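Examination of the molecular architecture
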Amino acid sequence: MDRCFYCKGEMRDDFCNYMVDLDGHFIIIKHVPCHKCSQCGEVSYSGEVVARIEEIVKKLKEALTEVAIVEYAA
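We now turn to the structure provided with this report. Values in this document were obtained by computation on a predicted structure and should not be read as measured data.

So, the packing of aromatic side chains
Under the defined criterion, the tally for this structure stands at two aromatic pairs. Their ring planes at 85° and their centres at 5.2 Å tell us that F5 and Y6 sit as a pair that is edge-to-face. Y6 matches F5 in its accessibility class, with the two residues each being exposed. The cationic tip of K8 hangs over the ring face of F5; the distance from NZ or CZ to the ring centre is 5.8 Å.

Here it is, written out as structure tokens:
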């Protein structure tokens, strides 16, 4: 089991929402797989998940209005 970089608590598989602000335009991606510390709540993502988030943001960036809320889909 991995340990938290900050508090050394136990990291557990979980889901969270990811939000990015692009010059006042917001993208919220729901149900993103993550590793969350059971002690302090710190969140980290695998390289595969980060690549998928970047892909989603790139696609939405072109058609973005003010706010976009999407589901994470692997």
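A word on the pairing of strand β1 (residues 11-22)
Of the strand pairs in this sheet, β1 and strand β2 (residues 25-37) are connected by eleven bridges, and their pairing is antiparallel. Its bridge partner being in β2, V20 is matched across the sheet by I27. Between β1 and β2, which pair antiparallel and follow one another directly, the connecting turn spans two residues, one of which, D23, has a positive phi of 55°.

Focus: the state of the cysteines
Within the structure shown, the criterion is met by zero disulfides. Of all cysteine sulfurs, the one in C7 lies closest to C40, which takes part in no disulfide; the gap is 3.7 Å.

Points about the pattern of salt bridges
Following the criterion strictly, the structure yields five salt bridges and no others. Here R52 and E55 are joined by a salt bridge, their closest N and O atoms 2.6 Å apart. Here R52 and its partner E55 are both found in helix α1 (residues 47-62), three residues apart, which amounts to about one turn of the helix. For the salt bridge of E55 with K59, the shortest nitrogen-to-oxygen distance reads 4.0 Å. Of this pair, E55 and K59 are both found in helix α1, four residues apart, which corresponds to roughly one turn of the helix. Note on K59: relative accessible area 57%, which makes it exposed. Salt bridges sharing partners connect three or more residues here, namely R52, E55 and K59.

Details of the nonpolar core
If you look at the biggest cluster of nonpolar residues, it comprises eleven residues: V20, I27, I29, V32, V49, I53, I56, V57, L64, A68 and Y72. Contributing elements (two or more residues each) for this core: β2 and α1. Setting aside residues no more than four positions away along its own chain, V57 makes contact with V20, L22, I27 and I29.

Calculation rules
- Residues numbered from 1 in each chain as written.
- Predicted model: local features only at pLDDT ≥ 70, side-chain atom pairs only at ≥ 80, totals over all residues.
- Heavy atoms only, no water.
- Phe/Tyr/Trp six-rings, centres within 6.5 Å; stacked < 30°, edge-to-face > 60°.
- Buried < 20%, exposed > 50% of the residue type's maximum accessible area, 1.4 Å probe, protein only.
- Lys NZ or Arg CZ within 6 Å of the ring centre and 35° of its normal.
- Pairing = 2+ DSSP bridges.
- Helix = DSSP H or I, 4+ residues; strand = E, 2+ residues; numbered from the N terminus.
- Disulfide = S-S within 2.5 Å.
- Salt bridge = Lys/Arg side-chain N within 4 Å of Asp/Glu carboxyl O.
- Core = buried A, V, L, I, M, F, W, Y, C linked by side-chain atoms within 4.5 Å.
- Contact = heavy atoms within 4.5 Å.

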